[in-house]
Amino acid sequence: RLPVARSAHGATVYSDKLWIFAGYDGNARLNDMWTIGLQDRELTCWEEIEQSGEIPPSCCNFPVAVCKDKMFVFSGQSGAKITNNLFQFEFKEKIWTRIPTEHLLRGSPPPPQRRYGHTMVAFDRHLYVFGGAADNTLPNELHCYDVDSQTWEVIQPSPDSEVSHPEVAERVSAPEEVPSLPSEERGFKKSRDVFGLDFGITTVKQPPTADSELPSGRLFHAAAVISDAMYIFGGTVDNNIRSGEMYRFQFSCYPKCTLHEDYGRLWENRQFSDLEFVLGEKEERVRGHTAIVTARCKWLKKKIIQARERLKQVNIEDEGHATCQKDGIGGNVKLCRLQPLLEVPIREAEAQPFEVLMQFLYTDKIKYPRKGHVQDVLLIMDVYKLALNFKLSRLEQLCLQYIEASVDLQNVLIVCENANKLQLDQLKEHCLNFVVKESHFNQVIMMKEFEHLSSSLIVEIVRRKQQPPVRTHSDQPLDIGTSLIQDMKAYLEGAGTEFCDIILLLDGHPRPAHKAILAARSSYFEAMFRSFMPEDGQVNISIGEMVPSKQAFESMLRYIYYGEVNMPPEDSLYLFAAPYYYGFSNNRLQAYCKQNLEMNVTVENVLQILEAADKTQALDMKRHCLHIIVHQFTKV
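Looking at an unreviewed UniProt entry, the chain carries the name LZTR1 regulator, with the source organism given as Pygoscelis papua.

## What to know about the overall build of the chain
Each helix and strand counted, the chain has 20 helices and 27 strands in total. Split into buried and exposed, the 636 residues of the chain put 47% on the buried side. Taking contacts inside the chain between residues at least 6 apart in sequence as the whole, the part at least 24 apart equals 62%. Summing over all exposed atoms, the chain offers an accessible surface of approximately 33,100 Å²; the carbon and sulfur share of this is 51%.

## A closer look at the sheet that holds strand β13 (residues 151-154)
Within a beta sheet, neighbouring strands are joined by backbone hydrogen bonds and run either parallel or antiparallel to one another. Spatially, four strands are ordered β10-β11-β12-β13 in an open sheet, and the strand pairing comes out antiparallel. On the outer flanks of this sheet lie β10 (119-123) and β13, each paired with one strand and no other. In this sheet, adjacent strand axes meet at a mean angle of 25 degrees when their direction is disregarded. For β10 and strand β11 (residues 126-130), the ladder comprises five bridges, and the chain directions are antiparallel. Counterpart to T119 in the pairing with β11 is F130.

## Looking at the pattern of salt bridges
Inspection of every chain in the model, using the stated rule, returns 27 salt bridges. The partner of D376 in a salt bridge is R370, and the shortest N-O contact between them spans 2.9 Å. Among the ionic contacts, a cluster of salt bridges with common partners joins K68, D148, K256 and E261.

## As for the environment of A495
In this fold, A495 is placed in helix α12 (residues 484-495). For A495, a relative accessible area of 38% corresponds to the partly exposed category. Between the alpha carbons of A495 and A295 there is a distance of 7.4 Å; along the sequence they are 200 residues apart. Among all residues touching A495, those that are not within four sequence positions of it are K301 and A490.

## Focus: helix α3 (residues 298-317)
Along its 20 residues, α3 runs 29 Å from first to last C-alpha, staying within 8% of the 28 Å computed at 1.5 Å per residue. Turning to α3, its buried residues number three or more, namely L300, I304 and A307. Projection of α3 onto a plane perpendicular to its axis shows the buried side chains occupying an angular sector of 65 degrees, all on one side. Exposed residues pointing more than 90 degrees away from the buried face of α3 are listed as K298, K302, K312, I316 and E317. Those residues of α3 that are buried lie in contact with β20 (275-279), α2 (290-296), β24 (342-346) and α4 (351-363).

## A closer look at helix α5 (residues 374-389)
One full turn of an α-helix is made of 3.6 residues, so residues set three or four places apart face in the same direction. Its 16 residues give α5 an end-to-end C-alpha distance of 23 Å, which sits within 8% of 22 Å, the value for a rise of 1.5 Å per residue. Burial in α5 covers these residues: D376, V377, L378, L379, I380, M381, V383, Y384, L386 and A387. Buried residues along α5 sit in contact with α4, α6 (393-406), α7 (412-421) and α8 (425-435).

## Considering a negative patch on the surface
Together, E281, E284, E350, E355 and D382 give the surface a local cluster of negative charge. By secondary structure assignment, the location of E350 is in the loop between β24 and α4. Among the residues examined, E350 registers a relative accessible area of 35% and is labelled partly exposed.

## Details of the side chain of N85
Summarising the element assignment, N85 is placed in the loop between β7 (70-74) and β8 (86-90). Each residue touching N85, except ones within four places of it in the same chain, is listed here: V73, F74, S75 and R98.

## Let's talk about the packing of α4 against α5
When two helices pack together, their arrangement is given by the angle between the helix axes and by the axis-to-axis distance. Packing of α4 against α5 leaves a shortest axis separation of 9 Å and a crossing angle of 70 degrees. Classed by the angle they form, the pair α4 and α5 counts as roughly perpendicular. Considering how the two elements wind past one another, α4 and α5 form a crossing that is right-handed. Every residue of α5 that contacts α4 at Q352, P353, F354, V356 and L357 is listed here: L379, D382, V383, L386 and A387. In terms of residue class, the contact of α4 with α5 is built from eight nonpolar, one polar and one charged.

## Side note on the packing of α5 against α6
For the pair α5 and α6, interaxial distance at closest approach is 9 Å and the crossing angle is 155 degrees. Classified by the angle their axes make, α5 and α6 are roughly antiparallel. Where α5 crosses over α6, the two elements pack in a sense that is left-handed. Where α5 abuts α6, its residues V377, I380, M381, V383, Y384, A387 and L388 lie against L395, E396, C399, L400, Y402, I403 and S406.

## As for the packing of aromatic side chains
Summed over the entire model, instances satisfying the criterion amount to 29 aromatic pairs. When the ring of Y14 is compared with that of F91, the centres are 3.9 Å apart and the planes differ by 10 degrees; the resulting orientation is stacked. Here F91 lies in the loop between β8 and β9 (95-99) and Y14 lies in strand β1 (residues 10-14), a separation of 77 residues in the sequence. Take Y14 and F91: they sit in the same class, and that class is buried. Both rings, one in F89 and one in F91, keep their centres 5.7 Å apart while their planes meet at 85 degrees; by these two values the pair is edge-to-face. Of the residues examined, F89 reaches a relative accessible area of 0% and is grouped as buried.

Calculation notes
- Residues numbered from 1 in each chain as written.
- Predicted model: local features only at pLDDT ≥ 70, side-chain atom pairs only at ≥ 80, totals over all residues.
- Heavy atoms only, no water.
- Helix = DSSP H or I, 4+ residues; strand = E, 2+ residues; numbered from the N terminus.
- Buried < 20%, exposed > 50% of the residue type's maximum accessible area, 1.4 Å probe, protein only.
- Contact = heavy atoms within 4.5 Å.
- Areas by Shrake-Rupley, 256 points an atom, 1.4 Å probe, with all protein chains shown as cover.
- Pairing = 2+ DSSP bridges.
- Axes fitted to C-alpha atoms, helices over the stretch in contact; angles between N-to-C directions.
- Salt bridge = Lys/Arg side-chain N within 4 Å of Asp/Glu carboxyl O.
- Expected span 1.5 Å × (residues − 1).
- Arc of directions from axis to C-beta.
- Patch = residues over 30% accessible without salt bridge, like charges linked within 9 Å, V, L, I, M, F, W, Y side chains within 5 Å.
- Lys, Arg positive; Asp, Glu negative; His and termini not counted.
- Charge placed at Lys NZ, Arg CZ, Asp CG, Glu CD.
- Parallel < 35°, antiparallel > 145°, perpendicular 65-115°, else oblique.
- Left-handed = near helix turned anticlockwise from the far one by under 90°.
- Nonpolar A, V, L, I, M, F, W, Y, C, P; charged D, E, K, R; others polar.
- Phe/Tyr/Trp six-rings, centres within 6.5 Å; stacked < 30°, edge-to-face > 60°.

Here it is, written out as structure tokens:
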């Protein structure tokens with residue numbers, strides 16, 4: 001059997017096989033999938049794939065890209081059903097899933113608008129979408145999707161992109177020496193009249209221009225990734241004109257930010273917990289960390305302070321409770337027994353929704369309700385109720401978006417009844433409007449569940465159908481609350497001072513900090529606090545033999561608390577080795593330090609940087625320095 005003849009389909013190669021999906025057969029759009037082996041020509045034959053899950057609608061003129069053993073399809077022409085949905089296909093299980101966008105809060109970058117004739121390529125853990133026709137416009141932003149965090153952003157190419165040297169198409173046998181460029185810079189450069197460009201050897205004929213040159217919007221162009229750059233060729237630009245231009249876009253390749261994952265792990269393993277919430281009538285117990293909870297939620301912070309005050313009172317009344325003895329040598333070092341967990345009663349919450357809320361405090365995320373699982377939706381309604389009580393407007397918005405996106409004909413009456421019971425008016429409003437829609441109403445009132453609704457709700461539905469309320473638009477700006485990064489930044493800058501539980505000593509100068517945060521982000525601190533917790537609660541700070549400057553140390557704390565990587569070049573010199581020494585989750589900080597140094601190596605500081613690179617075995621940094629020393633030998 002062969003796939004039906006077609007055009008405008010998607011095709012990609014994975015595991016030595018060609019995979020084709022959807023397209024147009026001259027009469028109708030398709031959504032079938034076929035694969036054929038590319039290794040053994042003798043044995044090869046087409047095989048149709050049994051797809052399952054949320055299969056994309058039949059479509060054509062869309063791109064396909066493979067990233068992390070999954071195939072991705074974004075938008076395309078699918079008639080009236082055209083959307084800006086991103087779908088992923090698991091090759092192993094042959095299952096499709098629609099990737100939800102409901103977790104993207106209003107105010108965070110939205111996904112690209114629906115389009116066709118665009119390109120999408122994969123590089124590292126990202127998908128890059130460029131061009132296409134979007135509702136009669138030809139946009140030219142470059143959109144980037146992070147497969148790990150499931151977020152979109154529009155890429156701003158670096159303004160002073162060093163990689164915007166115009167390339168020429170002639171092949172040369174002895175290229176002029178081209179300075180090595182930091183691969184972290186992103187930018188476009190343009191090549192004209194290229195037919196067989198040798199990607200390995202290109203020359204610089206003119207002085208580099210200052211700015212990245214963005215391609216104009218276009219559709220039906222081609223894009224490919226070669227090593228760490230994307231090349232775009234051709235396409236149809238304004239007024240149906242065909243283009244023969246070629247552009248090169250230099251990717252940046254930083255390791256990802258692991259801040260949310262690191263705090264998420266701390267929540268999951270509950271290591272170094274110092275408080276225990278006692279919840280609801282059943283007095284169920286959930287452990288947590290003062291530092292994270294007080295940084296993220298003012299309402300819970302107040303409860304924690306009250307619990308501390310109560311404990312102080314108890315301790316004053318019962319002085320013998322926390323026995324501190326002097327050590328045998330007669331010194332003044334106090335050895336205090338490990339503090340018991342601080343108990344914080346929260347009468348307003350049950351354990352299950354409270355745990356979801358806690359997961360949000362640590363990671364800024366909650367789990368999206370599974371399709372068709374009404375229990376998931378009801379749980380998120382309880383979380384929404386808590387978010388309103390605890391004044392967590394970011395979580396409020398997240399729950400609202402999740403629930404509204406999950407309401408369908410099967411669950412609308414259950415959700416409506418529950419919203420009525422929990423007095424969640426905005427949600428109830430959404431459900432009522434859903435029920436009285438022309439296309440839904442008749443189906444809903446014939447359902448079994450409709451008979452069991454409370455009579456007051458039935459009356460409300462009937463009246464709304466008879467006389468829909470006038471829709472009012474509020475001009476109030478939407479409060480989407482603060483993010484994990486913003487809260488941890490404020491916490492480091494002073495909001496967390498009263499909750500410090502460890503002193504970091506830098507050259508004898510004390511800097512108060514928070515154990516749980518240090519342990520979540522650094523395996524060095526985690527091991528220390530687990531096994532060798534200093535008795536006086538003070539830790540000397542160095543990076544190997546070297547004591548960092550005060551300024552560099554503050555830069556490192558900013559990285560630990562909220563993932564900040566921007567710093568002056570001299571701090572980068574000190575912190576270059578920090579990821580190894582402190583055992584951060586990956587070498588993101590080092591990659592930024594390296595780029596910061598490479599961009600700012602001068603004749604004045606090259607020897608210091610060479611020495612640091614040699615100590616930390618950063619070989620390409622060392623090569624870069626030696627290269628500069630050789631070329632500027634007399635000056636150095």
